[in-house]
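Coordinates in review
Residue strings, one per chain:
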Amino acid sequence: MPTELTGEMYLGAERVLGTAGTVHGADPRTGTQLAPAYGLGTRADAARAAELAAAAFGAYRATGPKERAAFLDQVADNIDALGDTLVERVQLETGIVEARVRGELARTTNQLRLFATVVRDGSWAGARIDPALPDRTPLPRPDIRQRKVPLGPVAVFGASNFPLAFSVAGGDTAAALAAGCPVVVKAHNAHPGTSELVAGAIRAAVAEHGLPDGVFSMVYGSGAEVGIALVEHPGIKAVGFTGSRSGGTALMNAAAARPVPIPVYAEMSSINPVFLLPGALAADAAGIATGYVGSLTMGVGQLCTNPGLVFIVDGPGADAFEAAVAEQVPACPALPMLNAGIHSSYTEGVAKLGALDQVEEVAAGQDDAAIVAAGQAHVFRTTGAAFAAEPALQDEVFGSASLVVRVRDTAELLEAVAGLEGQLTATVHATGSDHAVAAELLPALEEKVGRILFNGWPTGVDVGPAMVHGGPFPATSDGRSTSVGTLAIERFLRPVAYQNVPAELLPAAIDTSNSLGLWRLVDGELGRG
């Protein structure tokens, strides 16, 4: 498994140095450019990767559950084996502290192993069997069987804020490979060395398991050229993306304009509203403020579930909360943001938010001139009326910036929910005395978000069967899906029904003997029949 960085892409098993210019990783703490130079790919490189994936699809989709699960486990083992080499490169390219890098590394390999378990279990196949009823009246019923099949090759776009868990071997890649879909990754240019190391680990697993070369490729290049070329290529059948609203909508438009449109599963913009109800603030305003500041500044605010919007009802509890925030935020140190581009966008967003009418700054964190891309925390306030009147107050500022909205009463609080855009999460802090209001909030929030949590904070997304990391537009392009948790595999599958197919031709998942030992819905009854 290669650990020496070369600056090359993987087009299947072939190492290729791009010819459309170069890009370097850079240390956001110092601005130091990192070796090597990475050659950017062309539209022709993207097309070659897509063609290889299309050629590999038939053989890869035919792999059995044990074979495919073993491959996913091998990818996880290979990534773990990179050890300190990978951790150190991630730190150099992103400025993320070691403890968080190691935590993200564990999450990345754990979710690969989780999907291996899902593949072995076989429930993803969605096997349903309605046996023939030739004597049914008024019409006989034919033998009808259903299973889910992979869509085809998937283009995955690496995210800037999670260089491991939402990148080359992140959740989109793991889910697509688990579903039986070859993957072409468009690596993020901000952490090219990290991407090369992880791609090498995947490529080694492909070779070790004797899989077709096109099962995995990785290209470097611009989103406007290489990214769009992938989405437009007829060999690509679905897209997984985590990034900006502008980037996601550009991919959605390109996919929709194809002669045969394809689904784009894009995670984009979310400010994750928090509702601090009066009883909760009366009970512990200072403690809630501490949790809020910790969540706001976690990862220098560069998490997709960062609490960028807080609603509080005017009163003593609201005053106490704001006072505690104003006391705690100035002690928050400036830490490096992921890269210069994110830092520039953040500072521009903070300036724009602070310049809006009826917006005041509550507090600002420390700055640090010694850090090139220093992320300084900012908390602002406005009124419920101003929030309702100014759509720009819902614009995401990606970083440790948040807006506190003070509403007159709980009626205005409920009105504010109706005007919210789609979000990944909504958080409610409530005690027993707040439950009547919370009961009204819940059905309204169900229409706006993918995950509702009580008396906690949205940062930190557990990877498991019940998790939903999605939400209505613009949080994602398709609020019916999730990019985290085992349900993520559903994005890259589609159902097929088989009517009166001869027994010897039936796929294993729906054969007459249940040779795979799956749980199947037979004549409406769940069992292993």
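Within every chain, residues take consecutive numbers counted from 1 along the sequence as written. Local features are withheld for residues below a pLDDT of 70 in this predicted model, meaning they are given only at 70 or higher, and side-chain atom pairs are given and counted only at 80 or more; totals for whole chains, interfaces and linings count all residues. Heavy atoms from the whole structure form the basis of all side-chain values; hydrogens and water molecules are not counted.

Naming follows an unreviewed UniProt entry, where the protein chain appears as 2,5-dioxovalerate dehydrogenase of Kribbella amoyensis.

**A word on the packing of helix 2 (residues 65-94) against helix 5 (residues 192-208)**
Interaxial angles span 0 to 180 degrees and are taken between N-to-C directions of axes, which are lines fitted to C-alpha atoms, for helices over the stretch in contact. Helical segments are the DSSP runs of H or I of at least four residues, strand segments are the runs of E of at least two, and each set is numbered from the N terminus. Two elements in contact, helix 2 and helix 5, have axes separated by 9 Å at closest approach and are oriented at 160 degrees. Viewed along their axes, helix 2 and helix 5 adopt a mutual orientation that is roughly antiparallel. Considering only the axes of helix 2 and helix 5, their crossing is right-handed. Facing helix 2, whose interface residues are Phe71, Gln74, Val75, Asn78, Ile79, Leu82, Thr85, Leu86, Arg89, Val90 and Glu93, helix 5 presents Pro192, Gly193, Thr194, Leu197, Val198, Ala201, Ile202, Ala204, Ala205, Val206 and Glu208. Only Asp, Glu, Lys and Arg are considered charged, only Ala, Val, Leu, Ile, Met, Phe, Trp, Tyr, Cys and Pro nonpolar, and every remaining residue, Gly among them, polar. When the residues that make up the contact of helix 2 with helix 5 are grouped by side-chain class, the tally is 14 nonpolar, five polar and three charged. Any angle that is under 35 degrees is reported as roughly parallel, and any over 145 degrees as roughly antiparallel; angles of 65 to 115 degrees are reported as roughly perpendicular and all others as oblique. Note: crossing handedness is left-handed where the near helix turns anticlockwise from the far helix by less than a right angle, and right-handed where it turns clockwise. Between two residues, a contact is recorded if the distance between any of their heavy atoms is within 4.5 Å.

**Considerations on the packing of aromatic side chains**
For this analysis, a ring pair means two rings from Phe, Tyr or Trp (six-membered ring only for Trp) whose centres lie within 6.5 Å, classed as stacked if their planes differ by under 30 degrees, edge-to-face if by over 60, and tilted for the remaining angles. Scanning the model with the defined rule gives nine aromatic pairs in all. On the basis of an interplanar angle of 85 degrees and a centroid distance of 6.2 Å, the ring pair of Tyr60 and Phe71 is categorised as edge-to-face. Remark: Phe71 occurs in helix 2 and Tyr60 occurs in helix 1 (residues 43-61); sequence separation between them is 11 residues. Each residue is placed in one exposure class: buried if its accessible area under a 1.4 Å probe, protein chains only, is under 20% of its type's maximum, exposed if it is over 50%, and partly exposed if it falls in between. On the basis of relative accessible area, Tyr60 is assigned to the buried category, the value being 0%.

**Regarding the pairing of strand 12 (residues 273-276)**
The alternating pattern of strand 12 places Pro273 and Phe275 on one face and Val274 and Leu276 on the opposite face, and all of these are buried. Two strands make a pair as long as DSSP finds a minimum of two bridges between them. Two elements, strand 12 and strand 13 (residues 309-313), share four bridges in a ladder whose sense is parallel. When the sheet's bridge partners are listed, Pro273 is paired in strand 13 with Leu309. Looking down the strands as they point away from the viewer, one classifies a crossover as right-handed if the path from the first strand across the helix to the second runs clockwise. The parallel pair strand 12 and strand 13 is bridged by helix 8 (residues 278-297), and the resulting crossover is right-handed.

**Here we look at the side chain of Ser481**
With respect to the secondary-structure elements, Ser481 resides in the loop between strand 20 (449-454) and strand 21 (493-499). Look at Ser481 and you get buried, because its relative accessible area is 15%. Here a polar contact means two N or O atoms within 3.5 Å. Within protein one must be a hydrogen donor candidate and the other an acceptor candidate, and residues neighboring in sequence count only if both atoms are side-chain atoms. At 2.9 Å, the side chain of Ser481 forms a polar contact with the backbone oxygen of Asp478. Aside from chain neighbours lying at most four places away, what touches Ser481 is Tyr265, His469, Gly470 and Arg491.

**Some words on the sheet that holds strand 23 (residues 525-527)**
The strand order across the open sheet formed by five strands is 21-6-5-22-23, and the pairing between neighbours is mixed. Only two strands of the sheet have a single partner each, and these edge strands are strand 21 and strand 23. Taking each pair of neighbouring strands and ignoring which way they run, the sheet shows an average axis angle of 25 degrees. As paired strands, strand 5 (residues 128-130) and strand 22 (residues 520-522) are joined by two bridges and run parallel to one another. Across the sheet, residue Ile129 finds its bridge partner in strand 22, namely Val522.

**A closer look at unusual backbone geometry**
At the junction of Ala35 and Pro36, the peptide bond is cis and its omega measures out at 0 degrees in the coordinates. Its place among the elements puts Pro36 in the loop between strand 3 (22-23) and strand 4 (38-39). Omega for the bond connecting Phe473 with Pro474 falls within 30 degrees of zero, at 10 degrees, which places this linkage in the cis form. Phi is positive for Asn500, which is not a glycine, with a value near 55 degrees. Considering the arrangement of structural elements, one finds Asn500 in the loop between strand 21 and strand 22. Asn500 gets classed as partly exposed once you look at its relative accessible area, which sits at 49%. For Asn514, which is not glycine, the phi torsion reads 50 degrees and is therefore positive. Mapped onto the fold, Asn514 is located in the loop between strand 21 and strand 22.

**Observations regarding the nonpolar core**
Side-chain atoms within 4.5 Å link the members of a nonpolar core, which is a set of buried Ala, Val, Leu, Ile, Met, Phe, Trp, Tyr and Cys residues. One finds Phe71, Ile79, Leu86, Phe216, Phe275, Phe311 and Phe492 to be the most contacted residues of the largest nonpolar core, which totals 124 residues. For this core, the element with the highest residue contribution is helix 2, accounting for 10 residues. In this entry, domain limits derive from an automatic or database-based domain assignment. Summarising the domain contributions, this core has at least three residues from each of domain 1 (9-23 + 34-268 + 480-491) and domain 2 (273-454). With sequence-adjacent residues up to four places away left out, Phe311 is seen in contact with Pro273, Val274, Phe275, Leu276, Phe387, Val405, Val407, Leu413, Ala416 and Leu420. Ala289, Leu296, Val362 and Val404 belong to the second largest nonpolar core, which has 24 residues in total.

**Some words on the environment of Gln423**
Turning to its location among the elements, Gln423 is positioned in strand 19 (residues 423-429). Linking Gln423 and Ala475, residues 52 residues apart in sequence, is a C-alpha distance of 4.9 Å. Gln423 has contacts with Ser270, Ile271, Asn272, Pro273, Gln394, Lys448, Val449, Gly450, Gly470, Gly471, Pro472 and Ala475, leaving out every residue within four places of it along the chain. Separated by 3.1 Å, the side chain of Gln423 and the backbone nitrogen of Asn272 make a polar contact.

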